[in-house]
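Inside the fold
Spelled out, the chains give:
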Amino acid sequence: MPAAAQEAPEPDGTRHGHGITDLDSVRVRANPIARTAEDLARPVAVLAGEQLDEAKAGSIGETVSRLPGVQSSFFGAGVGRPIIRGLEGARVQVLSDGLSAGDVSTVSVDHAVSIEPFLANQIEVLKGPATLLYGNGAIGGAVNVVDGRIPETATSRPLEGRAELRAGSVNDERTGMLRLDGTSASGRFVFHVDALHRETGDIDIPGYAESAVLREAHGHDGPGHDDGGDDARGILPNSFVRTDSGALGLSWVGDRGFIGIGQSLYNTRYGVPGHVHVEDDHGDDDGHDGDGHEDSGHGGVHVVMDQRRTELRGGLDDFGAFRSLRTKLAHTDYTHTEYEGDDVGTVFDNRTIEGRLELAHHPLGGWEGAFGMQWTQRDFGALGAEAFVPDSESRDAGVFWIGERDFGAIRMELGLRHDRNSIDVVAEAGPSRDFDTTNLSFATRWDLTPDMHLSLGLDRAQRSPTAEELYSSGVHVATQSHEFGDAGLDVETANRAEIGLHWHRGPLQLGASLYHVRYDDFIYLADTGIIDGGLPVRAWNQADARFSGAEVEAEWTFIDNGSGAWTARAFGDVVRGKLDGQGMREIDISVPHGQQGHDYVAQLALDGNLPRMAPSRVGGELRWTSDDWRAGLGAVRYASQDDVAEGELATPGYTLVHANVAWHMDTAGGSAVELFLNGSNLLDEEARVHTSFLNDIAPLPGRGVTAGVRVLF
């Protein structure tokens, strides 16, 4: 079910109305046909306006993590990727207004996404297969971040923008952001400028960094025992983050279209927890020291990422048989360096060129729709100790059509896409591979009454293996394991069925959805049970798999009078992923050691639970808004996860309580000032993310308070 969204800002930066507004006010830009989330039969959630302001965090994953069916990965404070209905990594595409980020965040779980959520105008989450629109990396869904860095229309005033300053207690956060948009006197040239700086220290945690299970295994004596070494307590060492981002955009806007160019940069450095000792820390009384973190002088592993991106976009409306033409072209130059103390460990280089063309046509045979083409070239290289993936050159090309038609109270949506994918590597790494994938989609929405609609979706989606899944070979430092690919992996195929019901009358909204996905040849990282040199050996494998899940959400504005609008919201989600094969698969593994190697024969079960599955959740929130004030109090309960794979440990449940309050004042000339105060994990509860490889050594941050000011003009 689409999540309710706050009304998006007007061009002058102001907002109108209070509380939860209708999704009719927010257009989903990830869809080539101009539609709102409420109009689409496929499940889409949108964050915009005040709700986006309240949700914004240091990572995309954390920002969207309170939407039904969406959680966040965790590899320290610097890394948080979206998990959609239990799927993440190479199955969830993170987009910058319709184009891929161009980073290497899917190569390893310790790699961050190079998109800054604080600069977003709105964030759209496409649940279920989005391969029809975005190809190979979106079989589990997509998150589209709309930032408006290349203007498409003139601004309503010569100059408008927003600025924000905030400070946080749990990690000594200091963040500053500025964005400006303006139009020339002729009304034809429109520019955009934005800049952001964020700096945080090591995060405060409620207790020990190590879990109770791990401390017991290490022979620690309990809360009274603290002999240094790995007994980090109160602070998670090496969890600092420093980020700088900025962009310039310039467009010419005509009566029927636009053409624009933009240049952006994204630079971040962050610590990777779990590789330092307490006695090596900087020794500051409160455990925070931004300068000490920056050079990682205590010998921890930290990452320095730098991305430069150039984009060209254009559009033309109403010509011939077409409603609109949209073209997008991006060149991304990305470097990711991992340091071990002051020494360079591994350098990842990634050069990406991506182009996309969308042609929305007038009705053909009663079907309104859009044709599209997409092409991507990726040159990837890795050098150093963690170069467990060989250099590769990837090419992806796809064509698609989507269409929709109304049959009275029933709206039908159809789609078809075909892709050709190739990965070239040196002969020593294995054979180069070519893949063909075909995606089919059918969705319908039936308006049972003016207040209630039923939706049904059926999809056949395919994904070809990535270079990491095919050719990995060596020690993967991030996961502290030996990791081996399989150059013989085949295309995986997902067949999804989903049914949803949405009811909306006056101040009350209710929605629920059930889905089931049958995967043929699902690709996953299996634990072999072999330990070599103190590190587990893992191998990429294929087996049939089944995913089943459900989502529910309810919102009720039970008071709306002179005291303000009072709205209660509740949601819940659950997903279960299991292998559905039979018997065992036997594979040969050779773990290199200098000139020699250790040879093993591993037995991989083709049934049982999939590893690192997201736990079920329930959450609730009470919101209040008036002319000048808004406030909220909520909690999310994460259940314990004991449906674990062979060799995987269960994790306990936890409850995260959050709150916010803001005061908004309109000033002369259409400007406004807003003061805000947000609280997170207010119960200071120890929370360990089951999907994280670090859940036994890196909990989520403890109690935190963030305060700041926004200026809209």
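Sequence order as written defines the numbering, with residues in each chain counted from 1. In keeping with the predicted nature of the model, local features appear solely for residues at pLDDT of at least 70, side-chain atom pairs appear and are counted solely at 80 or more, and the whole-chain, interface and lining totals rest on all residues. With hydrogens and water set aside, each side-chain value is computed from the structure's full complement of heavy atoms.

**Here we look at the overall build of the chain**
Where we set the bar: Note on conventions: DSSP H or I runs of at least 4 residues are helices, E runs of at least 2 residues are strands, and numbering of each starts at the N terminus. Note on method: radius of gyration uses C-alpha positions; expected globular size equals 2.2 Å times residues raised to 0.38. Note on exposure labels: buried denotes an accessible area under 20% of the residue type's maximum, exposed denotes more than 50%, and partly exposed covers the range between, all computed with a 1.4 Å probe on protein chains only. Should any heavy atoms of two residues lie within 4.5 Å, those residues are counted as being in contact. The Shrake-Rupley method, run with a 1.4 Å probe, gives the accessible areas here. Residue values count only the displayed protein chains as cover.
Helix and strand counts for the chain stand at 6 helices and 34 strands. Taken over C-alpha atoms, the radius of gyration comes to 25 Å for the chain, in line with the 27 Å a tight globule of 713 residues would show. Taken along its principal axes, the extent of the C-alpha atoms in the chain is 70 × 60 × 45 Å. Taking all 713 residues of the chain together, 58% fall into the buried category. Taking the intrachain contacts of the chain between residues at least 6 apart in sequence as the baseline, contacts between residues at least 24 apart amount to 66%. As presented, the chain carries roughly 27,400 Å² of accessible surface, and 56% of it is formed by carbon and sulfur atoms.

**A few points about the pattern of salt bridges**
Condition: Think of a salt bridge as a Lys or Arg side-chain nitrogen and an Asp or Glu carboxyl oxygen that are within 4 Å of each other.
A full pass over the atoms with the stated rule returns 51 salt bridges. Here D447 makes a salt bridge to R445, at a shortest N to O gap of 3.1 Å. With its nearest N and O atoms 3.0 Å apart, the salt bridge here joins R630 to E674. Separated by 44 residues along the polypeptide, R630 in strand β31 (residues 629-638) and E674 in strand β33 (residues 672-680) bring together distant segments of the chain. This pair shows no difference in class: R630 is buried, exactly as E674 is. A single network of salt bridges, built from pairs that share partners, joins E54, E164, R166, R623, R630, E674 and R710.

**Here we look at the pairing of strand β6 (residues 122-127)**
The cut-off we apply is this: Should DSSP find at least two bridges between two strands, the strands are regarded as paired.
Extensive coverage of β6 is indicated by the burial of 6 of its 6 residues. Burial along β6 is two-sided: the residues Q122, E124 and L126 and I123, V125 and K127 are all buried. Alignment of strand β1 (residues 44-48) against β6, held across 5 bridges, turns out to be antiparallel. Across the sheet, the residue bridging to V44 is L126, located in β6. With 6 bridges connecting them, β6 and strand β7 (residues 141-146) associate as antiparallel partners. What sits directly across from V125, in β7, is V143.

**Here we look at the environment of D451**
The criterion, for reference: Pairs of N or O atoms are called polar contacts if they sit within 3.5 Å, as long as, within protein, a hydrogen donor faces a hydrogen acceptor (for residues adjacent in sequence, only side-chain-to-side-chain pairs).
Looking at where D451 falls in the secondary structure, it is placed in the loop between β21 (433-449) and β22 (452-463). When the C-alpha positions of D451 and R411 are compared, they lie 15 Å apart, and in sequence the two are 40 residues distant. The residues contacting D451, other than those within four sequence positions of it, are H502, W503, H504 and R505. Engagement of the side chain of D451 in a polar contact is seen with the side chain of R505, the distance being 3.0 Å.

**Notes on the confidence of the model for the chain**
Basically, it comes down to this: On a scale of 0 to 100, pLDDT captures the predictor's confidence in every residue.
Across the chain, the average pLDDT comes to 89, with 91% of residues at or above 70. Confidence drops under a pLDDT of 50 for residues 276-298, and excluding neighbours within four residues, the segment shows 53 contacts in the predicted structure.

**So, the packing of aromatic side chains**
Note the cut-off: The pairing test for Phe, Tyr and Trp rings, Trp by its six-membered ring, is centres within 6.5 Å, and the orientation test on the planes gives stacked under 30 degrees, edge-to-face over 60, and tilted for anything in between.
Scanning the entire structure with this criterion turns up 10 aromatic pairs. Measuring from centroid to centroid gives 6.0 Å for F348 and F380, while their planes differ by 35°, and the two rings are tilted. Here F380 lies in strand β18 (residues 367-384) and F348 lies in strand β17 (residues 343-364), a separation of 32 residues in the sequence. The class of F380 is buried, set by a relative accessible area of 4%. When the centroid spacing of 6.4 Å and the interplanar angle of 70° are considered together, the rings of W367 and F407 count as edge-to-face. With W367 in strand β18 and F407 in strand β19 (residues 392-407), the pair connects residues that are 40 residues apart, well separated along the chain.

**Observations regarding the nonpolar core**
Note the threshold: Residues belong to a common nonpolar core when they are buried Ala, Val, Leu, Ile, Met, Phe, Trp, Tyr or Cys residues joined through side-chain atoms within 4.5 Å.
By size, the foremost hydrophobic cluster in this structure holds 35 residues, and its most contacted members are F380, Y654 and L700. When residues of this core are traced back to their parent elements, those giving at least two are β14 (257-271), β15 (301-319), β18, β31 and β32 (654-666). In this view, L700 contacts F74, I205, P206, Y654, L656, A687 and V689; residues no more than four positions away in its chain are not counted. L87, F484, F547 and L610 belong to the second-largest nonpolar core, a separate cluster that totals 27 residues.

**Overview of the side chain of E368**
Structurally, E368 is set in strand β18. A polar contact of 3.0 Å, which involves the side chain of E368, links it to the side chain of R35. Within the structure, the side chain of E368 is placed 3.0 Å from the side chain of R323, a separation counted as a polar contact. The residues touching E368, leaving out its near neighbours within four places in the chain, are I33, R35, R323, H361, P363, I402, G403 and E404.

**Quick notes on the sheet that holds β6**
On the basis of which strands lie adjacent, the open sheet formed by 5 strands has the order β1-β6-β7-β4-β5 and mixed pairing. Of all the strands in the sheet, just β1 and β5 (99-100) have a single pairing partner and so form its edges. Relative to β7, strand β4 (residues 92-96) is paired through 5 bridges, and the arrangement is parallel. Bridge pairing in β7 links V94 to V143.

**What about unusual backbone geometry?**
Look at N681: it is not a glycine, yet its phi comes out positive at around 45°. Along the chain, the position of N681 falls in the loop between β33 and β34 (704-712). N681 gets classed as buried once you look at its relative accessible area, which sits at 6%. For D684, which is not a glycine, the phi torsion comes out positive at approximately 55°. As for its placement among the helices and strands, D684 is situated in the loop between β33 and β34.

**Let's talk about a nonpolar patch on the surface**
Inclusion rule: For patches, a residue must show more than 30% relative accessible area and have no salt bridge; joins then use 9 Å for like charges and 5 Å for nonpolar side chains, namely Val, Leu, Ile, Met, Phe, Trp and Tyr.
A grouping of L159, F189, F191, L250, W252, I259, I261, L312 and L329 is seen on the molecular surface, where their side chains present a nonpolar patch of about 820 Å² in accessible area. Breaking the nonpolar patch down by element, the ones donating at least two residues are β10 (189-200), β13 (241-253) and β14.

**A closer look at the environment of P390**
Relative to the elements of secondary structure, P390 occurs in the loop between β18 and β19. Sequence separation between P390 and G430 is 40 residues, and the spatial gap between their C-alpha atoms is 9.6 Å. If sequence neighbours within four positions are ignored, P390 has contacts with F380, A429 and Y471.

**Observations concerning the side chain of E354**
Threshold: Two residue types count as positive, namely Lys and Arg, and two as negative, namely Asp and Glu; His and chain ends fall outside the count.
Mapping E354 onto the fold places it in strand β17. As a buried residue without a salt bridge, E354 has its nearest oppositely charged side chain in R309, at a separation of 5.3 Å. Here the side chain of E354 touches S100 through a polar contact of 2.6 Å, side chain to side chain. When neighbours within four sequence positions are excluded, E354 is seen to be in contact with L99, S100, K328, L329, A330, Q374, W375 and T376.

**Comments concerning the environment of G61**
Relative to the assigned elements, G61 resides in helix α2 (residues 60-63). Here G61 is in contact with Q71, S72, G80, R81 and P82, once residues within four sequence places are set aside.

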